[in-house]
There are 2 protein chains.
Amino acid sequence: MKTLKAALVQQTCTNNKAENLSKSIQAIREAARLGAQLVVLQELHAGLYFCQTEDTCCFDQAEPIPGASSDLLAAVARECGVVIVASLFERRAPGIYHNTAIVLENDGTIAGKYRKMHIPDDPGFYEKFYFTPGDLGFAPIDTSVGRLGVLVCWDQWFPEAARLMTLSGAELLIYPTAIGWDPNDTPAEQERQRDAWITIQRSHAIANGLPVISANRVGLETSSDNSGTGILFWGSSFVTGCQGEILTQAGTEGEQLCTVEIDMTRCEDVRRIWPFLRDRRIDSYQDLLKRFCR
Amino acid sequence: MKTLKAALVQQTCTNNKAENLSKSIQAIREAARLGAQLVVLQELHAGLYFCQTEDTCCFDQAEPIPGASSDLLAAVARECGVVIVASLFERRAPGIYHNTAIVLENDGTIAGKYRKMHIPDDPGFYEKFYFTPGDLGFAPIDTSVGRLGVLVCWDQWFPEAARLMTLSGAELLIYPTAIGWDPNDTPAEQERQRDAWITIQRSHAIANGLPVISANRVGLETSSDNSGTGILFWGSSFVTGCQGEILTQAGTEGEQLCTVEIDMTRCEDVRRIWPFLRDRRIDSYQDLLKRFCR
């Protein structure tokens, strides 16, 4: 494949799951109409970002994979003939729930899934309560549009995750994500955070010589127990090329469907002039397996 | 230490070693006069970037450490009462030469040294011919201004190097570097390269929650055998805070001394809101020790 037409969907969500999914599906159909072969949805696009509080009732939102939502999206993948990266709250067993991304092949089969490996926990993002850390490792998923290195949100801050996907042959890094501002933070702090989020993901493209797609949630979601002000999800979804250059980017406000053509031949060109994979000092990296060395 | 006043020196070089060193020393004295406690010099600041061609005569430029250049700079460190990060072509034994950064304590002693671990080799940057890969690992160097994670140039493209320094307790990452454009490249390609170089180093600050200082060479140096057009070193030396935010940056042209106050208390504040070191999946990182997994 020389060129990949990719799309990402940046959307707001409400507590109406059917409406959220319907909105995602409408965007997938529009993306397909525009020629997209791959559509990336944001993290947990079927609902509100429920991790603002810890509430056992929220586990009711989890569903098996395959299950109703994956079946619905699989049908759309087949109908539109597109590969879809979706993000679901997976119920694996009573008491074991995951933040899982699934990849649907363009014939409606499940090409594979990735269970979020790095789980955050800080005020307003109580994910360690909800999500059991992934146990499928960093394995790319083979599809008709290439070998996809699918990671999720918090993973984006870890160069290790991007590198491991690359070493396993990923041709593209994909991050469904849900990140936003604390409305009480200063504008300067807010901008540092958003800029850091863009920068770290661009750096994965650079370090590994491959394109990156990041689809983020948008809009204000208040906390269900009014314990906090809520989260203002900052959108800014984007796609980069193999040198980290921005190919397309959504705004910080409002829903948006972005489509872009990615030149998949540039990976090898870029890795020839920037042969980082050749020069890694794997003889001296053992301490990467430690928590800290002091 | 709550605040660190740091300086970096971005300079042009000629084939006159004494003049190059004299220029560096003049800048160190000026930095000290402005209150700097730490001064970072660019990569191989004592001479031209000789790696544009492969010529055995260039090994004559290497010198032992301690040696004439380190003695000279040590005297300046003591005279000015500043910590200096210098970059020298080290002659360790006949046939073993390193690209070595030394850290001079403010009393003129050698606090430690780092031998460049990742060695590049591409047209115009024939470093694998000249530099034996470092064998001192990624060990920060303790000084009166903090524990310094000194790396060199090509290392900057490897998130592993930054992480390893962090895990060993580095409080600051420092990159003496010499990187520039092929004048034959298009302006768009040139800008992608410079932007990627800034982005990847900012990402090390973000991923690890510590400041980064990068001092780069500036100016056009033609290749000694006229085999190429030469390298237009792009300057753009900079300092970031713990969220990757740019604190100061030099231009792409001309010599420059940059000084900046770095708030060393922000590291812990930032790591509390972005606790990446807490969440690394060290149980699943084994493949980082492989060249490739396929």
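Overview of the structure. Note that the structure is predicted; figures quoted are calculated from it, not measured.

Below, the discussion takes up the overall build of chain A. Across its full length, chain A carries seven helices and 15 strands. Taking 2.2 N^0.38 as the reference for a compact globule, 294 residues should give roughly 19 Å; the C-alpha atoms of chain A span a radius of gyration of 18 Å, in line with that estimate. Projected onto the principal axes, the alpha-carbon positions of chain A cover approximately 55 × 50 × 40 Å. Looking at chain A residue by residue over its 294 residues, the buried ones come to 62%. For chain A, the share of sequence-separated contacts (at least 6 apart) that also reach a separation of at least 24 residues comes to 69%. Entry remark: accessible area of chain A is about 10400 Å², with carbon and sulfur atoms responsible for 49%. Of the charged side chains in chain A, 28 are positive and 37 negative, and the gap between their average positions amounts to 6 Å.

The next subject is empty space enclosed by the protein. The full count for this structure, using the stated rule, is two cavities of 30 Å³ or more. Taken as a whole, the largest cavity spans an internal volume of roughly 80 Å³. As for the largest cavity, its lining consists of Pro159(A), Glu160(A), Ala162(A), Arg163(A), His204(A), Ala207(A), Asn208(A), Leu288(A), Pro159(B), Glu160(B), Arg163(B) and Leu288(B). Among the elements of the structure, α4 (159–167) and α5 (187–208) of chain A together with α4 (159–167) of chain B are those that each provide at least two residues to the lining of the largest cavity.

Turning our eyes to something else, we now look at the interface of chain A and chain B. Every contact between the two is made by 57 residues of chain A and, on the other side, 57 residues of chain B. Across the chain A to chain B interface the summed buried area is about 5600 Å²; carbon plus sulfur atoms make up 60%. Between Arg163(B) and Glu160(A) there is a salt bridge whose closest N-O contact spans 2.7 Å. Connecting chain A to chain B are 37 residue pairs in polar contact (both at pLDDT 80 or more). Looking at the side of chain A that touches chain B, the elements that each hand over two or more residues are α4, α5, α6 (266–273) and α7 (276–279) of chain A. With 11 residues, α5(A) is the single largest residue contributor to the side of chain A that touches chain B. Looking at the side of chain A that touches chain B, its residues break down into 26 nonpolar, 11 polar and 20 charged.

Rules used throughout
Residues numbered from 1 in each chain as written. Chains lettered and ligands numbered in written order. Predicted model: local features only at pLDDT ≥ 70, side-chain atom pairs only at ≥ 80, totals over all residues. Heavy atoms only, no water. Helix = DSSP H or I, 4+ residues; strand = E, 2+ residues; numbered from the N terminus. Rg over C-alpha atoms; globule rule 2.2 N^0.38 Å. Buried < 20%, exposed > 50% of the residue type's maximum accessible area, 1.4 Å probe, protein only. Contact = heavy atoms within 4.5 Å. Areas by Shrake-Rupley, 256 points an atom, 1.4 Å probe, with all protein chains shown as cover. Lys, Arg positive; Asp, Glu negative; His and termini not counted. Charge placed at Lys NZ, Arg CZ, Asp CG, Glu CD. 1 Å grid on protein atoms, 1.4 Å probe; cavity = no way out; pocket = protein on both sides within 12 Å on 5 of 7 lines; lining within 4 Å. Points joined across faces, edges and corners; volume = space filled by probe spheres on them. Buried area = accessible area lost by both parts, 1.4 Å probe. Salt bridge = Lys/Arg side-chain N within 4 Å of Asp/Glu carboxyl O. Polar contact = N/O pair within 3.5 Å; in protein donor to acceptor, adjacent residues only side chain to side chain. Nonpolar A, V, L, I, M, F, W, Y, C, P; charged D, E, K, R; others polar.

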